[in-house]
Structure formats: C-alpha cells, structure tokens
Amino acid sequence: MPMAVTTRIGPRRAGLRVLAFASAALLAGSAHGAIYETTITADTEEQLVDMEQRGDISSTSLEILLELLGEGVELNSADRDELYDLPGLTYTDVDAIIAYRTAKGRIDDPAELVGAGAITAAQLLEMAPFIRIDARGAVLPISGKALAIGAVTATDNVAPPLLLGARVKGPFDLSAGFLMESVRREVAPAQYDPLLDTLTTTGHPYQLMLPRAFLQWNQGKRRVVLGTFVMGFAERLVLDNTRRATPHGIYLTDEYRRPPDLSRTCKLSSPNPLEGACADGASNLYVTPDFTVRDAFRGIAASLEEVPIGTDGSFSAFGFLSYQSKSLYQYELYDRRNCSDPNNDADPACRAPKVFIADAQNPGSTKVVYSTLPYLYDELVGGAHFEVKPSYRYRLGVTAYGAAPFFHAQPMELDFQEWSRTPNGGPYGAIGMDGHVSFEDVNFFMELAHSFDHAVGGGGGSGAVVRSTFSPAHHEFELSVRYYDDKFGNPYGRPVSAPDEADGQRARNELGARLRWYFSPNKDWQVTAKGDFWVLPYSSPMEGPAGTANLYGLARADFNGWRLVQPALWVDLRNRNLASNAFGKCSSGTIVYTEGQPFTCNGDIYKVAGRLEFHLIPRFLDVITQGWFVWSSDLRYKDRFRNDVMLWGEVLSTPTERLHLRAKTRWLFQDISDNAYLEQSLWSFLEVEWMFGKGTSILGRYDAFLWLDRRASTLTRVPNPEHRFFVDLRYAF
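What counts and how
Residues numbered from 1 in each chain as written. Predicted model: local features only at pLDDT ≥ 70, side-chain atom pairs only at ≥ 80, totals over all residues. Heavy atoms only, no water. Phe/Tyr/Trp six-rings, centres within 6.5 Å; stacked < 30°, edge-to-face > 60°. Helix = DSSP H or I, 4+ residues; strand = E, 2+ residues; numbered from the N terminus. Buried < 20%, exposed > 50% of the residue type's maximum accessible area, 1.4 Å probe, protein only. Lys NZ or Arg CZ within 6 Å of the ring centre and 35° of its normal. Contact = heavy atoms within 4.5 Å. Disulfide = S-S within 2.5 Å. Core = buried A, V, L, I, M, F, W, Y, C linked by side-chain atoms within 4.5 Å. Pairing = 2+ DSSP bridges. Salt bridge = Lys/Arg side-chain N within 4 Å of Asp/Glu carboxyl O. Polar contact = N/O pair within 3.5 Å; in protein donor to acceptor, adjacent residues only side chain to side chain. Patch = residues over 30% accessible without salt bridge, like charges linked within 9 Å, V, L, I, M, F, W, Y side chains within 5 Å. Areas by Shrake-Rupley, 256 points an atom, 1.4 Å probe, with all protein chains shown as cover. Axes fitted to C-alpha atoms, helices over the stretch in contact; angles between N-to-C directions. Parallel < 35°, antiparallel > 145°, perpendicular 65-115°, else oblique. Nonpolar A, V, L, I, M, F, W, Y, C, P; charged D, E, K, R; others polar.

> Explain the packing of aromatic side chains to me, using residue names and the numbers behind them.
This model, assessed by the stated rule, comprises 34 aromatic pairs. Ring geometry for Tyr377 and Phe407: centres 5.0 Å apart, planes at 35°, overall tilted. Taken together, the residues Tyr377 in strand β19 (residues 372-391) and Phe407 in strand β20 (residues 394-407) connect sequence positions 30 residues apart. Here Tyr377 matches Phe407 in class, with each residue buried. These aromatic residues form a ring-pair network of at least three members: Phe229, Phe297, Phe320, Tyr401, Tyr428 and Tyr492. For the cation-ring pair, Lys664 lies above Trp683, with the distance from its terminal atom to the ring centre recorded as 3.3 Å. In this structure, Arg717 is placed above the aromatic ring of Tyr286, and the distance from its NZ or CZ to the ring centre is 3.7 Å.

The structure is reproduced here in structure tokens:
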C-alpha cells in the first residue's frame, strides 16, 4: 500500500566494453537482476499470482513484484538499485531516468520520461503499477490508504480469515501503518508439560495477530523506523530479508499471500478416530486457509544517507536492533537433554519432541502433526551497513549482523535440527564487504562474506557473489558466478542460489554460474533466456557426491507485432545431476519435509509452453489462452517420464474506466496415464472490480474448484466441488 500519490497506468566504446564484461564474467557471481521472464502485464496482487501459476514468471519474480507493488518505488528518491528492480528497465534505462531527474530537479509526471526519451511508452505501462510519486506537500495534513480483505468457502466450519491494514502519512514527516490478520489454522503457543515432559498446546483457537506495525520519521535522507521493517544490501549475501532483486536500505513491506489451496481441518493424530477434529468424515474436511505474512524485523532502524564528502562523494550509514518472537515448524526441533548431535539421524532421541493437545482426562492421547508452533522462541538481532561512494558509479560497503535465539519451554533445552534454516548452538551472524564499479554500459558488483555460528559440526564458512551486467542497445546481459562452502550458513542472507538445500540453506555447498539475456530489437519482439549451471564443491548425504553437476535453462520469445493476436513460446528444462539421467526419481526440485530428515528431489523436468493473447475488441474484450506439456521424473516410473498437461483460458474486459471484469478457467492433469495417481482438476473464477476513485475500489471474486481425479483422498474429500468467495476493499484518503 504505497502512501501519498501513487502513479498507476493501465491494468496495465563497444569492443572494449565487451572485453571488459567478458573479463569480469570469469570472476562474476549470479544475483537476481531485474530481468524478468516476460513482460509484466499485471497491476494487482491476484493478477501477479495468476502469472506465476500459469508459469509466466517464477516464484522468485512473484515475491519481488508483490513487494514492489505493495510499497512502490518513489521515482524522485529511489536510487539506481531500487529503480533497476522495476520491470521493463535495463541499467541503461535507469541511468537515463536518473539523468533526467537530476537535470530537471523533480519528476512530477512519469509521462515526462517518455517525452524526454528516457524510456518508451511500453516501458512506462509495464512499470506504472509499481511506481509512486510522493507529493511535494500534502493538501491535507493527513493522507493514506486502508484495506480490508476476507475469504470464505461454502463449507467452512470456522470463522473466515480476515486481513486489515492501513498506512497514514501525517505532518512533520511522520507516517504510521499496521497489518492485522485473523489466524484460525495455527495452534496456540506451546508450553512445557512436566507430566509428559514435552510440549502441549490447547489446540487451534481463533486468534488476532499484528504482523506489521510501524511509526516512521522520514526527512529526505534521514530516517528512523520504530516497529516492523525489512532490510537488504548489495548482493544479499550478508543481510537481506526483503524480497527485492537489488535491495538497498530499509523497507516497510505489507506483502501478504493468499494460499491457493484449501487447508485440511485435521492436523491431529488421535487413537480415537470418532472424536474431535479428526472424527470420521471431519478428517477429510478442507476449509479456507489463513492469509500468510512472512517474518520481518521488529525494533528500531535508522539511516543517514548520502552525506556529502568532497566534490562528488558521499557516505551512508544504516543500523538496526530487533527483538521478536518467532514461530517454527515442529519437526525442526530437538532436545539437547537427550541428544548431543542432531546430525545422528539414526538416534531416536534426536527426533523432534512430540507435541500434544493438553487434556487433563487423557494426557498424551492426541498429538499435533505437521504444524508450525507460534511464539516458540525469541530472537535478538542487530546489525549495520556502512558505505562510501567516491562518485555516482563507485561504491564500497561493509555489512555485519549478529543474532541470538532464546527458546521458551524450560527445562527443555530446545534447539534447531541440523536441516533447519537457523543454525543450532546459540548465537550466529555474518560479516562482509561489497563493491560496485560502473563503466558506461558495463556494471560490476561484488560481495564477499563469512558466516559465524556454534552449530554442531559447523562453525561458519565463506561465500562470494560477483555480478556483471552489459547493456548495449536493445540488450541486457547479466553474467555471474557464486561460491558458498559447506559451512556457510546465513539465515538472514538471500543471495542467488540454486533451488536445492544443504542443511536448511539454499546458499550452501555450491559453485555456480548464471547467464541471463534480454533482447528487444524493436517493439514487436522480446526474447529472454537464462541458463544456470552449478556443481557441489563438497559431498553431501542429501544432494550427492562432490562434483555433481546440474543445469537449469529457460528461453522465451514474445511477438507483439500483430494487433489482434500476440503469441509467445518458451521451453524450460531442469536437469539435476547431469551425469545421471536415470528415471524413477522425484522431480519437485524442492525439499520434501517429513517428520524426520527431509530429502531432496533430484529428478529432471522438461516443459514446453505456448500462449496466444487475442485483443478482439480493444478494452472491451481480450482473451488469453495458454498451455504447457511436461515430461518429469517420477518415483513411480522406472522406465519413462511422467507427463502432465495444463490448459488455461482467460477473458478480460473493461467496459468503463471504473468497471473491470475478469474470468478464468484452468484444467490441470498430472500424469495423464493414470487418473487415480495425482491431481486432475478444473478451476474457474469470475472477478469483478469497481473503481470508485483513485485508490478506492471494491473487488469481489467467486471461485469454483472441481477435483476430477479418482484418488482415494479425492473421493472422500469435502467439499468437492469447492465454492470459494473473496472480497478486497481498498480506500484512499
């Protein structure tokens, strides 16, 4: 929810430079530049989620765009890194925007950038939903925005989830905001039970939580935030809990997610199947899930930016201190009283302690399963970032932080399993330095870091990320290499990494390189491609022996030269362990969590997808059709791939500037050879939005989800079909 005035448009020398870029690539590391998989055509949270579900963008791109949409990028104050996160822009475009802003003094209307030749009209349309221009001075002493969101399914047996939020900007450079949610599918905080010598909870009460609340004083380049916030710097190697591609500073994110699937009511294991939430029949009941809001820091943060040094130089400093209660998935725990080494998976004493429902009549009879335990421990975190810029195109910085967790439930000595994201053993942290050098079309970015922890078998390790971009006319190349040793464990780092994990960390035990390319020779064509290659420097019981090589690749071409129809075609390949192409492996590409040690799916996936976008009646009728076909490894098939298919149809209409209509149908069939193995479903929705004025709207949506497969779990599932309702109210004042 950006404050103040937010601009939204529409639903929407060369040889030497090449040599310099190629030389840098030999040293470089990969980080997410803002080269998105395709043109971004969405301007609401729901439309962005649909793009991810269709396969147009990755889950990482979705997270970046949701955060940008929530807070907005202020065109008159955003630095080079922040502007680069905007869709449709290369570093050349960013430099043109900054040059225009510097020469004019202020951008009052983003359309000025098109008239000045800094960007094209198409680029402005793509980035418009994600930008804002704060007014010079407020007409009223108070302005802001508020939202109220609710969802319900026809067969819900609990009150519906709600999300309320607001941001207010007042006089004296002060602003404030909050985000509050109702929680119904989370257990109550767990307590130590001396009779059972383990944890107990009272069940799943209806709770109100306040994941975001802040008060901010922001006067130009001086800023203080009290409450919740996120921070990120450089290549995200030392410190970053934002979701931005190139973060630089403090952010006040309100990003939330609405899970796409219903939640199973039964999250208990009981010896009596005829009683409670898991009674006969009720065990198959699914209800509306809660909204999800990711963790943020909670405390105080301050910054002093771009203090002049010399003629062209500047100095900046950022610092924060956070103390907050945190939740944890129940199987990420172990009790040090019974286990000295959580790496010993063969020792039953090293398993996660059981969590029971408190019951004075039958203690220990009902067990909580597959649940996140709220407020299980507190965490104290503090850190700082300092940087010097001799000039606009040079930067040298240092970042460091330290953290200490404090578990509740004494006398139990709870700690994190070795595969948890947070290191066990007590305090941990990281320190590193970063730099940036720019020569015309070529940019060099680097960050080196060392982590510290007291984990059993750990102790900390080293990591490095160096990124290079080259932006000649109509192109942008990004080439990078990263290295993380097998002891590098940094839960507050978010550098680029492959979609695998080693002891809870994606950025661990990895040596890799990534190339990404964007090419738009004219207004008709856009081509994007990326390739990511990485190997394991050290052997891992989960990932494989040292030297195991992996490759991910994506190539997409969009043609916009025809008025009535605009086609797109792309291929996506994911080959895990290039030396072995055996069938019979799982291929999710993610960690699968069980009640014990998780395991990695390392099978292959190959996808071919196409899209046709028809503009039949401008503004009144647009139709999008899309489909993909997948070959993927599966544990069930030892001699062939499993085949999946998805077809998607969408109709959009804007009869008036105030009324927006959208309807969609998606058919998904996983494993087309057997309708009793995986999911086959038909999902349709109708969405109506009425705009009362700038920033004020009401959106209503009805979803019908029909399960078509013949699995035993589907045949007994309630409800089927699912009738879901969603309401989104937004008000600007």
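Read on for the rest.
> Explain helix α2 (residues 45-54) residue by residue, including any values.
Every α-helix winds through 3.6 residues per turn, so residues three or four apart in the chain are directed the same way. Of all 10 residues in α2, eight are buried, a share of seventy percent or more. Burial in α2 covers these residues: Glu45, Glu46, Gln47, Leu48, Val49, Asp50, Met51 and Arg54. Remark: Gly55 follows α2 within two positions and exhibits a positive phi of approximately 95°.

> Give a description of the side chain of Arg508 that names residues and reports values.
Here Arg508 lies in the loop between β25 (475-484) and β26 (510-519). Once residues lying within four places of it in the same chain are set aside, the contact partners of Arg508 are Tyr484, Asp485, Asp486, Lys487, Phe488, Gly489, Ala502 and Asp503.

> Tell me what's going on with the state of the cysteines, and back it up with residues and numbers.
According to the stated counting rule, one finds one disulfide in the structure shown. One disulfide bridge connects Cys339 with Cys350, the sulfur atoms lying 1.9 Å from each other. Its S-S torsion of approximately 90° makes the covalent link between Cys339 and Cys350 right-handed. Within this pair, whereas Cys339 is found in the loop between β16 (333-335) and β17 (355-357), its partner Cys350 is found in the loop between β16 and β17, the two being separated by 11 residues in sequence. Given a relative accessible area of 5%, Cys350 falls into the buried group.

> Please provide a residue-by-residue account of the nonpolar core, values included.
Within soluble globular proteins, side chains that are nonpolar generally end up buried alongside one another. If you look at the biggest cluster of nonpolar residues, it comprises 37 residues, and the most contacted ones within it are Leu48 and Leu83. Breaking this core down by element, the ones donating at least two residues are α2, α3 (59-71), α4 (80-84), α5 (91-104) and α7 (121-127). Broken down by element, this core gets its largest block of residues, six residues, from α3. Ranked by size, the runner-up nonpolar core spans 27 residues in total, among them Phe214, Val238, Ile250 and Ala403.

> Outline the environment of Leu285, supporting the account with residue identities and numerical values.
Within the secondary structure layout, Leu285 lies in the loop between β12 (268-269) and β13 (286-287). Sequence-wise, Leu285 and Arg717 are 432 residues apart; in three dimensions their C-alpha atoms are separated by 6.4 Å. In contact with Leu285, not counting residues within four places along its chain, are Thr155, Asn157, Ser263, Arg264, Thr265 and Val718.

> Account for the pairing of strand β27 (residues 525-535), with residues named and values stated.
Both β26 and β27 contribute to a ladder of nine bridges, which runs antiparallel. Looking across to β27, one finds that Phe519 is bridged to Val527. Counted between consecutive antiparallel strands, the loop separating β26 from β27 contains five residues. With 11 bridges joining them, β27 and strand β28 (residues 549-559) adopt antiparallel strand pairing. Opposite Trp534, over in β28, you have Asn550 as the bridge partner.

> Report on the pattern of salt bridges, specifying residues and quantitative values.
Inspection of every chain in the model, using the stated rule, returns 52 salt bridges. Measuring nitrogen to oxygen at the nearest pair gives 3.5 Å for the salt bridge that ties Glu71 to Arg244. Of this pair, Glu71 sits in helix α3 while Arg244 sits in the loop between β9 (222-232) and β10 (249-251), and the two are 173 residues apart along the sequence. By relative accessible area, Arg244 is classed as buried at 2%. The salt bridge involving Arg642 is made with Asp634; its shortest N-O contact spans 2.8 Å. A residue is classified by how much of its surface remains accessible, and Arg642, at 11% relative accessible area, is buried.

> Talk me through the side chain of Arg611; I want residue IDs and the actual numbers.
With respect to the helices and strands, the residue Arg611 is situated in strand β32 (residues 605-617). In this structure Arg611 comes out as buried when scored by relative accessible area, which is 8%. A polar contact is formed between the side chain of Arg611 and the side chain of Asp56, at a distance of 3.1 Å. At 3.2 Å, the side chain of Arg611 forms a polar contact with the side chain of Glu613. Apart from the residues within four sequence positions on either side, Arg611 is in contact with Arg54, Asp56, Arg556, Gln566, Pro567, Ala568, Trp570, Ile624, Thr625 and Gln626.

> Describe a nonpolar patch on the surface, naming the residues involved and giving the relevant values.
Taken together, the side chains of Phe172, Leu174, Leu215, Val224, Leu226, Ile300, Leu321, Tyr323, Leu380 and Phe406 make up a nonpolar region of the molecular surface, amounting to roughly 920 Å² of accessible area. Broken down by secondary-structure element, the contributors of at least two residues to the nonpolar patch are β9 and β15 (313-329). The residue Phe406 is located in strand β20 in this model.

> Help me get a handle on the environment of Pro110, residues and values and all.
Its location among the elements puts Pro110 in the loop between α5 and α6 (111-115). Separated by 22 residues in sequence, Pro110 and Arg132 place their C-alpha atoms 9.0 Å apart.

> Tell me about the packing of α2 against α3, and name the residues and values.
Close contact between α2 and α3 brings their axes to 9 Å; oriented N to C, the two are set at 170°. One finds that α2 runs roughly antiparallel with respect to α3. Where α2 abuts α3, its residues Glu45, Leu48, Val49 and Glu52 lie against Ser59, Leu62, Leu65, Leu66 and Leu69. Within the contact of α2 with α3, the residues separate by chemical class into six nonpolar, one polar and two charged.

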